[in-house]
Amino acid sequence: MSKDIKVVKSFPRKVKEIENLFITLSDGTKLAARIRLPADAEKNPVPALLEYLPYRKRDGTIVRDQLTHPYFAGHGYAAVRVDMRGNGDSDGLMDDEYTRQEQEDCLEVIAWLARQKWCTGSVGMFGISWGGFNALQVAALRPPALKAIVSLCSTDDRYEDDVHYKGGTVINEMLGWAATMLAYSSRPPDPKIVGKGWKKMWMDRLRHEPFLAIDWLKHPHRDAYWKHGSVCEDWNRIQTPTLLIGGWNDAYSNAIPRMMRNLRVPRKAIIGPWAHKYPHFAVPGPRIGALQEMLRWWDFYLKNINTGVTQDPDYRVFMMDSYKPGSFPDEIGGRWVSEAFWGHGTVDTRTWNLTANGIAAKPGTEKDLKVSSKQTCGFDGGEYCVIWLGPEFPGDQRDDDAESITFDTPELTEDLEILGQPAIDLHFTSDKPVAHVAVRLCDVWPSGETTRITYHLQNLCMKDSRETPRPLEPGKRSRMKIKLDDIAWKVPKGHRLRVSISTSYFPMMWPVAEAPMLTVHAGPSTLSLPIRKAQKDEKPITFAAPESAEPLKQTEVKEGFHKREKTVDPKTGEVRLEIIDDFGVQKVTSHGLEIGGVGREYYSILPDDPLSAKMETHWTETRKRGPWSIRTETKGRLTATKSHWVLWGEIVAYEGKKKVFSKEFNEEIERKLQ
């Protein structure tokens, strides 16, 4: 627990905890819920706040739940944490993420909450990542009791901004996340909660458990599969007041500006420097009192208390100062700024040409610049979604720039504040029918270090459509506007801006089957930057200091560690990356469960052979209480031929030392313009 988080031990209302309560759905399925609420709630009813996840309340999110849910309960809410069907201690089976069944179950849970004696009939919904997604999705279904939501680190567009595809390119996070869910979903329910039927429930789940990457690879374009659950398909379906919270160092920074532009309900946004975490304990700092901000939202929309949230600026965003690459900063310098509306009045879009002599005000003489990057370009790209597990941030971009076309500005003569979504208007020709690009906007220090500010990955076959892409015509000149991720970044005087364009970015982006030679037509190609103008008498934005409830009481049985190591074979030039996240083993004091987990990812590729790309995963999950001991080993592997993805996976489960279950997945899936 960080020293800058104030631990609150006494609340306005005494908190009662119901460790487990089963909510029975109309089809007889029982969903496991943990409820924390004021002790006198039956006499003095309160609104309910729902967090609805597949990540297991008993052991998966128990640490963060303990910081958050009692805090809300102590301030006069019933904080309800529900395991989805087929997860944790709940009945049933899960088929995929964000299914109609998942959403329909949630509608029943909300209706059930509204009927309870301790509930006023008003319900709020909140969550980060999966929980932020389904808060938006369920709000779009308009359950009458749902009065407000808080969605953190989520997206409105499942195809464009989630962990499967980015700009139509396959990202390795697709297998990484599928492997994570294979491990998470392989864990059994707790016999202490579900009783003697735990093993049958476990075996049923294991037999049914899908390897989610199979379906994801079968839907390479933005079809009905991805449109389901993407609330951007019909913004007007959401009629629920919405507070959006995210981080510039999270993978979902683009969604918040889009939703703010398009939602037609009361909505506000807070974007900090954070990675993929709740901002009262997130890194990098500075942290804020996120729970207090959420309470202000709930109090206004669920209790009709005038907390002043309607007078808050539409946007409160953190303008990050530049920082050196290759580090995981505990805190990023900068300041909070406010916007009445994104880009209205305070942000100008300025456009420069990408020329043979760098970034310039005029196009000059057109020149063709060619690039066919080595397949090892991209190993300093960092993690697609920074979670908080060691060295995940992008490294110094100079090695990757050596395999790229680069365009630089002269040294800046004044500070430049970028706020919004940079864009590249790329004029190009490919010698192959399929080509991908990685476009990076970088901050070049006077000493030479190069920090990635923002970036985008793009399948150029999608220059006209995400739904119906077409092969490029080799040798034919084309054009595409490529929007980079939204960002707030101050480039200091004396630094230079750089645009870098490469045709590979492994291991983040899977390589195309045949490496293209891309010609970038310098001169007509442009860079557009949203530049924030200096504001006179700008009022400072402040937040309350971070607070939480008391941390979970647990004992460390085995210490964990995180490792990220890159090696190069001196004979072949093959580059390998090994990532190990050992979470150690912790024993939860309240129920005695010992929880252990280790995640491993391995990447390798040869410099000149895109078909040599390989990603492998291996997760170990353990649970133990007294003589009861469970272990699952789950593995995955992705390779590709010119025409097909080759996907393999495995689940092996042990009770004690005895193997009690195993199954394999073997799939060959056609590559379609990938």
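One can find the structure itself at the top, above this paragraph.
*Asks:* Looking at this model, I keep getting lost on the overall build of the protein chain. Mind explaining?
*Replies:* Helix and strand content of the protein chain: 12 helices and 35 strands. The C-alpha radius of gyration of the protein chain comes to 25 Å, within 12% of the 26 Å expected for a compact globule of 674 residues. Dimensions along the principal axes, computed over C-alpha positions, put the protein chain at roughly 80 × 65 × 45 Å. Looking at the protein chain as a whole, 64% of its 674 residues qualify as buried. Taking contacts inside the protein chain between residues at least 6 apart in sequence as the whole, the part at least 24 apart equals 74%. Counting every atom, the protein chain has about 25,400 Å² of accessible surface; 48% of that belongs to carbon and sulfur. Averaging the locations of the 94 positively and 92 negatively charged side chains of the protein chain gives two centres separated by 3 Å.

*Asks:* Before we go on, may I ask you to explain the pairing of strand β11 (residues 267–272) in this structure?
*Replies:* On any regular strand, side chains alternate: one points to one face of the sheet, the next to the other face. Burial runs high along β11: 6 of the 6 residues are buried. Burial along β11 is two-sided: the face carrying R267, A269 and I271 and the face carrying K268, I270 and G272 are both buried. Pairing of strand β10 (residues 242–247) with β11 involves 6 bridges; the strand directions are parallel. Across the sheet, residue T242 finds its bridge partner in β11, namely R267. In this region the chain leaves β10, passes through helix α10 (residues 255–262) and returns to the parallel neighbour β11; the handedness of that crossover is right-handed. Relative to strand β12 (residues 315–321), β11 runs parallel, the two being bridged by 3 bridges. Each residue of the ladder has a partner; that of A269, found in β12, is Y315.

*Asks:* Hey, could you run me through the sheet that holds strand β17 (residues 405–408) in this one?
*Replies:* Overall, antiparallel pairing links the 4 strands, which are arranged β17-β24-β20-β21 in an open sheet. Edge positions in the open sheet fall to β17 and β21 (450–459), since each of these has one partner strand only. Looking at each pair of strands side by side, their axes are set apart by 15° on average, direction ignored. Relative to β21, strand β20 (residues 436–444) is paired through 9 bridges, and the arrangement is antiparallel. Each bridged residue has a counterpart across the sheet, and for L441 the counterpart in β21 is T454.

*Asks:* I keep staring at the packing of aromatic side chains and nothing clicks. Help me out?
*Replies:* The geometry of an aromatic ring pair comes down to the distance between the two centres and the angle between the two planes. If you walk through the whole model with that rule in mind, you get 33 aromatic pairs. For the pair Y278 and F281, a centre-to-centre distance of 6.2 Å together with 40° between the ring planes defines the contact as tilted. Accessibility classification places Y278 together with F281 in one group, the buried group. Over the face of the ring belonging to Y225 we find R158, whose NZ or CZ atom lies 5.6 Å from the ring centre. A cation over an aromatic ring shows up here: R671 above the ring of W645, its NZ or CZ 4.4 Å from the ring centre.

*Asks:* What exactly am I supposed to notice about the packing of helix α2 (residues 100–115) against helix α3 (residues 130–139) here?
*Replies:* In helix packing, the relevant descriptors are the interaxial angle and the interaxial distance, both defined with respect to the helix axes. Contact pair α2 / α3: the axes reach a minimum separation of 10 Å and the direction vectors enclose 75°. One way to sum up the angle between α2 and α3 is to call them roughly perpendicular. On α3, the residues that touch E102, Q103, C106, L107 and I110 of α2 are W130, N134, Q137 and V138.

*Asks:* Help me understand the environment of E670 in this model?
*Replies:* Relative to the helices and strands, E670 resides in strand β35 (residues 658–670). By relative accessible area, E670 is classed as partly exposed at 47%. When the C-alpha atoms of E670 and T641 are compared, they prove to be 9.5 Å apart, with 29 residues separating the residues in sequence. Apart from the residues lying within four places of it in its own chain, the contact partners of E670 are S643, H644 and W645.

*Asks:* Any chance you could explain the pattern of salt bridges here in plain terms?
*Replies:* It is possible for side chains bearing opposite charge to pair when their charged atoms get close. Overall, the coordinates contain 58 salt bridges when judged by the stated rule. The closest approach of N and O atoms between R498 and D401, which form a salt bridge, is 2.8 Å. Pair noted here: R498 is in strand β24 (residues 496–502) and D401 is in helix α12 (residues 398–401), with a separation of 97 residues, a long-range link. Each member of the pair, R498 as well as D401, carries the same accessibility label: buried. R479 serves as the salt-bridge partner of D425, at 2.7 Å between the closest nitrogen and oxygen. Taken together, the residues span a long stretch of sequence, with D425 in strand β19 (residues 423–430) and R479 in strand β22 (residues 477–483) at a distance of 54 residues. For D425, a relative accessible area of 15% translates into the label buried. Relative accessible area serves as the criterion here: at 52%, R479 is assigned to the exposed category.

*Asks:* Before we go on, may I ask you to explain α2 in this structure?
*Replies:* Residue pairs spaced three or four apart in an α-helix point in one direction, given the helix's 3.6 residues per turn. Helix length check: α2 (16 residues) gives 23 Å between terminal C-alpha atoms against 22 Å at 1.5 Å per residue, within 8%. By the burial criterion, the buried members of α2 are E102, Q103, D105, C106, V109, I110, W112 and L113.

*Asks:* Any chance you could explain the pairing of strand β14 (residues 347–355) here in plain terms?
*Replies:* In this sheet, strand β26 (residues 526–532) lies alongside β14 in antiparallel orientation, the contact comprising 7 bridges. Each bridged residue has a counterpart across the sheet, and for W352 the counterpart in β26 is L527. Bridge analysis of β14 against strand β15 (residues 358–360) gives 3 bridges, and the strand direction is antiparallel. Residue N353 lies in a different strand from β15, and its bridge partner there is A360. Counting the residues in the hairpin turn of β14 and β15 gives 2 residues.

*Asks:* Looking at this structure, how should I read helix α1 (residues 62–74)?
*Replies:* The end-to-end C-alpha distance of α1, which contains 13 residues, comes to 18 Å, matching closely the 18 Å that a straight helix rising 1.5 Å per residue would cover. Among the 13 residues of α1, 12 are classified as buried, and the element is accordingly described as predominantly covered. Just past α1, the residue G76 takes up positive phi, approximately 95°.

*Asks:* Help me understand the state of the cysteines in this model?
*Replies:* When the sulfur atoms of two cysteines share a covalent bond, that bond is a disulfide. Counted under the stated rule, the structure contains 0 disulfides. Counting only cysteine sulfurs, C106 is the nearest neighbor of C119, a cysteine outside any disulfide, at a range of 14 Å. On the basis of relative accessibility, which here comes to 7%, the residue C119 falls in the buried class.

Rules of the game
Residues numbered from 1 in each chain as written. Predicted model: local features only at pLDDT ≥ 70, side-chain atom pairs only at ≥ 80, totals over all residues. Heavy atoms only, no water. Helix = DSSP H or I, 4+ residues; strand = E, 2+ residues; numbered from the N terminus. Rg over C-alpha atoms; globule rule 2.2 N^0.38 Å. Buried < 20%, exposed > 50% of the residue type's maximum accessible area, 1.4 Å probe, protein only. Contact = heavy atoms within 4.5 Å. Areas by Shrake-Rupley, 256 points an atom, 1.4 Å probe, with all protein chains shown as cover. Lys, Arg positive; Asp, Glu negative; His and termini not counted. Charge placed at Lys NZ, Arg CZ, Asp CG, Glu CD. Pairing = 2+ DSSP bridges. Right-handed = clockwise from strand over helix to strand, strands pointing away. Axes fitted to C-alpha atoms, helices over the stretch in contact; angles between N-to-C directions. Phe/Tyr/Trp six-rings, centres within 6.5 Å; stacked < 30°, edge-to-face > 60°. Lys NZ or Arg CZ within 6 Å of the ring centre and 35° of its normal. Parallel < 35°, antiparallel > 145°, perpendicular 65-115°, else oblique. Salt bridge = Lys/Arg side-chain N within 4 Å of Asp/Glu carboxyl O. Expected span 1.5 Å × (residues − 1). Disulfide = S-S within 2.5 Å.

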